[in-house]
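Examination of the molecular architecture
As a plain string of letters, each chain reads:
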Amino acid sequence: QVQSVEESGGGLVQVGGSLRLSCSASGSIDSVYAMGWYRQAPGSQREPVAVIVRGGGTHLANSVKGRFTISRDNAKNTVYLQMNSLKPEDTAVYYCNAERYSVVLDRLDYWGQGTQVTVSS
């Protein structure tokens, strides 16, 4: 079972560039209901960016549709966020989240420590 997640892949990139973020889970991601990416810019609330659910369906925020893609590799227990055509407004700390449920259906959320993405103009 997933007990923790860890992000990697952030950095500094120019406008129009690309980055791929990785989220490695401590256990099988087959057991989670959903894994997602969220971001938080300075002075703003954390917002959802992309989610992939157990069945493989994905949901993307309107602001990133057509530019970002979320995918997963179950064999590696890893979820990816491919970010293309980056804009300055994509600058934020990006967090990975794993959502699963206990046997009594308590929701359990696991968050990483975040990875900084900075898009320079």
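Before reading on, note that the structure itself is shown above.
Residues numbered from 1 in each chain as written. Predicted model: local features only at pLDDT ≥ 70, side-chain atom pairs only at ≥ 80, totals over all residues. Heavy atoms only, no water.

Take Ser-31: it is sitting in the loop between strand E3 (19-25) and strand E4 (34-40). Placed 72 residues apart in sequence, Ser-31 and Val-103 show a C-alpha to C-alpha distance of 12 Å. Beyond its immediate chain neighbours, meaning those up to four positions away, Ser-31 contacts Gln-1, Val-2, Arg-54 and Arg-100. Within polar-contact distance, the side chain of Ser-31 engages the backbone oxygen of Ser-28 at 2.8 Å. (Helix = DSSP H or I, 4+ residues; strand = E, 2+ residues; numbered from the N terminus. Contact = heavy atoms within 4.5 Å. Polar contact = N/O pair within 3.5 Å; in protein donor to acceptor, adjacent residues only side chain to side chain.)

Together, Tyr-33, Tyr-101 and Leu-105 make up an exposed nonpolar region whose accessible area comes to about 340 Å². In this fold, Tyr-101 is placed in strand E9 (residues 92-101). Accessibility expressed as a relative area gives 36% for Tyr-101, which makes it partly exposed. (Patch = residues over 30% accessible without salt bridge, like charges linked within 9 Å, V, L, I, M, F, W, Y side chains within 5 Å. Areas by Shrake-Rupley, 256 points an atom, 1.4 Å probe, with all protein chains shown as cover. Salt bridge = Lys/Arg side-chain N within 4 Å of Asp/Glu carboxyl O. Buried < 20%, exposed > 50% of the residue type's maximum accessible area, 1.4 Å probe, protein only.)

Another aspect to go through is the environment of Gly-11. Its location among the elements puts Gly-11 in strand E2 (residues 11-14). Gly-11 gets classed as partly exposed once you look at its relative accessible area, which sits at 23%. If sequence neighbours within four positions are ignored, Gly-11 has contacts with Leu-19, Gln-116, Val-117 and Thr-118.

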